[in-house]
Amino acid sequence: MAEPSEKELISIKMFRKMVYDLELTESELTDMGLLVWLRARDMDLKKAYDMLKTCLEWRKLHDIANILEWDPPPSYSTEFQYRISGEDHNNSPVCFLPYGNWDVRSIIETGEKETWLKYTDKLFGTLFDQIAKQSKAKNKIITQFVVIIDCKGFTMRQLASFGKANYPESLKAAYAVNAPFIFNILFNLVKPLLSKRTLGKVEIYGSNDRKWKPVLLKNIDAIHLPILYGGTDPFNFTYTDKGKPSSDRSAEPEEFLCTYVKPGQQLALEYDITHPKTIIKWTFKTNDYDIGFSVNFNKKLTVFPYNRVDCHIQPEQGMLVCDNPGKYILTFDNSYSKMTRKTLHYYINTTLPIDVLEDKPST
């Protein structure tokens, strides 16, 4: 985190007087320790105080001071792996997160939400412990970490959030790599909820490693990066059968329809939607090559932009909330190919809005 400006130093001095009753530690009372709360609330002293007080109460309630002593369920070590290793060019610790392999949804559905949240708290606790060790070893103040999020295998089942409000200004940079198209769509949905400061720290890349490996190497030495990410470290995540993602649970192979899209042609699937807010969900994959995909409304308006999808590498999943009744056309495009026929497997379903379902008579 950047050193405080002269103007910020004045605010820090005022803020230090405001928080005298909160029983902060010596490190929390340093300029940098107080600055994280001020910057998280755009230097608003009152909002920063309220945020800090609320966080301290949360820490006490969840016994965060002893979080590193807590042992998560044994299965978590394989199902939700991560690695904190190495540093960037400014000595900030680096966390490698194979998030595409984390089936968080299944944990929440089985009633383990609180255990899962505690697991993420321990992840953050481990990161801050590493930051403290790094600061001592380098004899400098380090307050932030870098995270590399591998989205390979990501589906809508992987959705989950982390307690950003309890860890303000701790993220230095986040690099999401191997992100499928649906990841970008979902990220765009949450953008309005994120501050400009946070958005400026996040970079998202697809499966073309020629684009993102140079970016990682520009900020992190090769010895601190696994070979998979362009470095020289031989480390790689390994998975047992239980640790593998269940990315296709929403559409098992036997539910897929199979067809061919000839070179130079398209496959258009039409759906007549009668109720606003109906949801169209899709999962599709090809055998060996990419394919274009888009959704149009009443043959005129594009409601899901065209994109060539590498669904031969991993199945593509997505959804669309239909704002208006009418004809929605899902188009699989192979017009750009002159010679190659595409083998397409797809599963598409529609879900009526909740109010319509509730009005339906029971049978």
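Everything here concerns the structure above.
Figured I'd write up the structure that's included with this text. (Residues numbered from 1 in each chain as written. Predicted model: local features only at pLDDT ≥ 70, side-chain atom pairs only at ≥ 80, totals over all residues. Heavy atoms only, no water.)

1. Re the pairing of strand 9 (residues 291-297)
Note the threshold: When accessible area is computed with a 1.4 Å probe and restricted to protein chains, residues below 20% of their type maximum are described as buried, those above 50% as exposed, and intermediate ones as partly exposed. Each helix is a run of DSSP H or I of at least 4 residues and each strand a run of E of at least 2, with the numbering of both proceeding from the N terminus. Between any two strands, pairing holds if DSSP finds at least two bridges.
The buried count for strand 9 comes to 7 of 7 residues, which makes it a mostly enclosed element. Alternating positions in strand 9 separate into two faces, Ile 291, Phe 293, Val 295 and Phe 297 on one and Gly 292, Ser 294 and Asn 296 on the other, with burial throughout. Relative to strand 10 (residues 301-309), strand 9 runs antiparallel, the two being bridged by 6 bridges. Counted as the bridge partner of Phe 297 is Leu 301 from strand 10. As paired elements, strand 9 and strand 12 (residues 326-333) share 6 bridges and run antiparallel to each other. Following the sheet pairing, Val 295 is matched in strand 12 by Leu 330.

2. Points about the sheet that holds strand 7 (residues 266-273)
We count it as follows: The angle between two axes is taken between their N-to-C directions and runs from 0 to 180 degrees, where each axis is a line fitted to C-alpha atoms and a helix contributes only its stretch in contact.
Read from one edge to the other, the open sheet built from 4 strands follows the order 7-12-9-10, with strand pairing classed as antiparallel. Where the open sheet ends on each side, the last strands, each with one partner, are strand 7 and strand 10. Between one strand and the next, the sheet's axes are offset by a mean angle of 10°, whatever the strand orientation.

3. Things to note about a nonpolar patch on the surface
What counts here: Like charges within 9 Å and nonpolar side chains (Val, Leu, Ile, Met, Phe, Trp, Tyr) within 5 Å are joined into patches, using only residues over 30% in relative accessible area that form no salt bridge. The protein chains shown are the only cover counted for residues, whose accessible areas, like all others here, come from Shrake-Rupley with a 1.4 Å probe. Every case where a carboxyl oxygen of Asp or Glu lies within 4 Å of a side-chain nitrogen of Lys or Arg is listed as a salt bridge.
Residues Leu 189, Val 190 and Leu 193 make up a contiguous nonpolar surface patch of roughly 320 Å² in combined accessible area. For Val 190, the location among the structural elements is in helix 7 (residues 181-190). With relative accessibility at 34%, the residue Val 190 sits in the partly exposed group.

4. Description of the sheet that holds strand 13 (residues 342-351)
Read across the sheet, 4 strands follow the order 6-13-8-11 without closing on themselves; strand pairing throughout is antiparallel. Looking at strand neighbours, the two that pair on one side only are strand 6 (257-261) and strand 11 (316-322), the edges of this open sheet. Going across the sheet, the axis of each strand differs from the next one's by a mean of 30°, ignoring polarity. In the sheet, strand 6 pairs with strand 13 via 5 bridges, with the strands oriented antiparallel. Residue pairing for strand 13: Thr 259 is matched across the bridge by Leu 344.

5. Regarding the layout of surface pockets
Condition: A cavity here means a set of 1 Å grid points, computed over protein atoms only, where a 1.4 Å probe fits but cannot escape. A pocket is an open set with protein on both sides within 12 Å along at least 5 of 7 lines, and lining residues have an atom within 4 Å of a point. Grid points are joined across faces, edges and corners, and a volume is the space filled by probe spheres set on the points. Residues were grouped as follows: Ala, Val, Leu, Ile, Met, Phe, Trp, Tyr, Cys and Pro as nonpolar; Asp, Glu, Lys and Arg as charged; and all remaining residues, including Gly, as polar.
Taken as a whole, the second largest pocket spans an internal volume of roughly 1100 Å³. What lines the second largest pocket is a set of 33 residues, among which Thr 25, Ser 27, Glu 28, Arg 59 and Phe 128 lie closest to the centre. Those elements giving two or more residues to the lining of the second largest pocket turn out to be helix 2 (31-40), helix 3 (45-61) and helix 6 (113-138). With 7 residues, the top contributor of residues to the lining of the second largest pocket is helix 6. A per-class count over the lining of the second largest pocket returns 18 nonpolar, 9 polar and 6 charged.

6. Observations regarding the packing of aromatic side chains
What counts here: Working definition: a ring pair exists when centres of Phe, Tyr or Trp rings (six-membered ring for Trp) sit within 6.5 Å. Plane angles under 30 degrees give stacked, over 60 give edge-to-face, the rest tilted. Note on criteria: charge over ring means Lys NZ or Arg CZ within 6 Å of the ring centre, with the direction from the centre no more than 35 degrees off the ring normal.
As enumerated under the stated definition, the model contains 24 aromatic pairs in all. Residues Phe 181 and Phe 304 carry aromatic rings whose centres are separated by 5.4 Å and whose planes lie at 85° to one another, so their mutual orientation is edge-to-face. Of the two residues, Phe 181 sits in helix 7 while Phe 304 sits in strand 10, which places them 123 residues apart along the sequence. Its relative accessible area of 6% is what places Phe 304 among the buried residues. When the centroid spacing of 6.1 Å and the interplanar angle of 35° are considered together, the rings of Phe 332 and Tyr 346 count as tilted. Here Tyr 346 lies in strand 13 and Phe 332 lies in strand 12, a separation of 14 residues in the sequence. A relative accessible area of 0% means that Phe 332 is categorised as buried. Taken together, the ring pairs in this structure connect Tyr 76, Phe 80, Tyr 82, Tyr 99, Trp 102, Trp 116 and Tyr 119 into an aromatic cluster. Over the ring of Tyr 336 we find Arg 308, and its NZ or CZ is 3.7 Å from the ring centre. Here the guanidinium or amino end of Arg 341 rests over the ring plane of Tyr 260, the centre of that ring lying 3.8 Å away.

7. A look at the side chain of Thr 286
Our working definition: Definition of a polar contact: a pair of N or O atoms within 3.5 Å, with one able to donate and the other able to accept a hydrogen when the atoms are protein atoms, and with sequence-neighbouring residues admitted only if both atoms are side-chain atoms.
Mapped onto the fold, Thr 286 is located in strand 8 (residues 278-286). Exposure remark for Thr 286: the relative accessible area of 6% places this residue in the buried category. Side-chain polar atoms of Thr 286 contact the backbone oxygen of Tyr 289, separated by 2.3 Å. A distance of 3.5 Å separates the side chain of Thr 286 from the backbone nitrogen of His 312, its partner in a polar contact.

8. Here's the deal with the pattern of salt bridges
Two side chains carrying opposite charge are able to pair once their charged atoms lie near each other. The tally for this structure, following the rule as stated, stands at 16 salt bridges. Across the salt bridge formed by Arg 83 and Asp 233, the nearest N and O atoms sit 2.8 Å from each other. You can see Arg 83 sitting in strand 1 (residues 83-87) and its partner Asp 233 sitting in the loop between helix 9 (209-219) and strand 6, a full 150 residues away along the chain. Like Asp 233, Arg 83 is buried. For the salt bridge of Glu 169 with Lys 201, the shortest nitrogen-to-oxygen distance reads 3.4 Å. Note that Glu 169 is positioned in the loop between strand 3 (145-150) and strand 4 (171-177) and Lys 201 in the loop between helix 8 (196-199) and strand 5 (202-204), a separation of 32 residues in sequence. By relative accessible area, Lys 201 is classed as buried at 14%. Here the residues in one salt-bridge network are Glu 169, Arg 197 and Lys 201, joined through shared partners.

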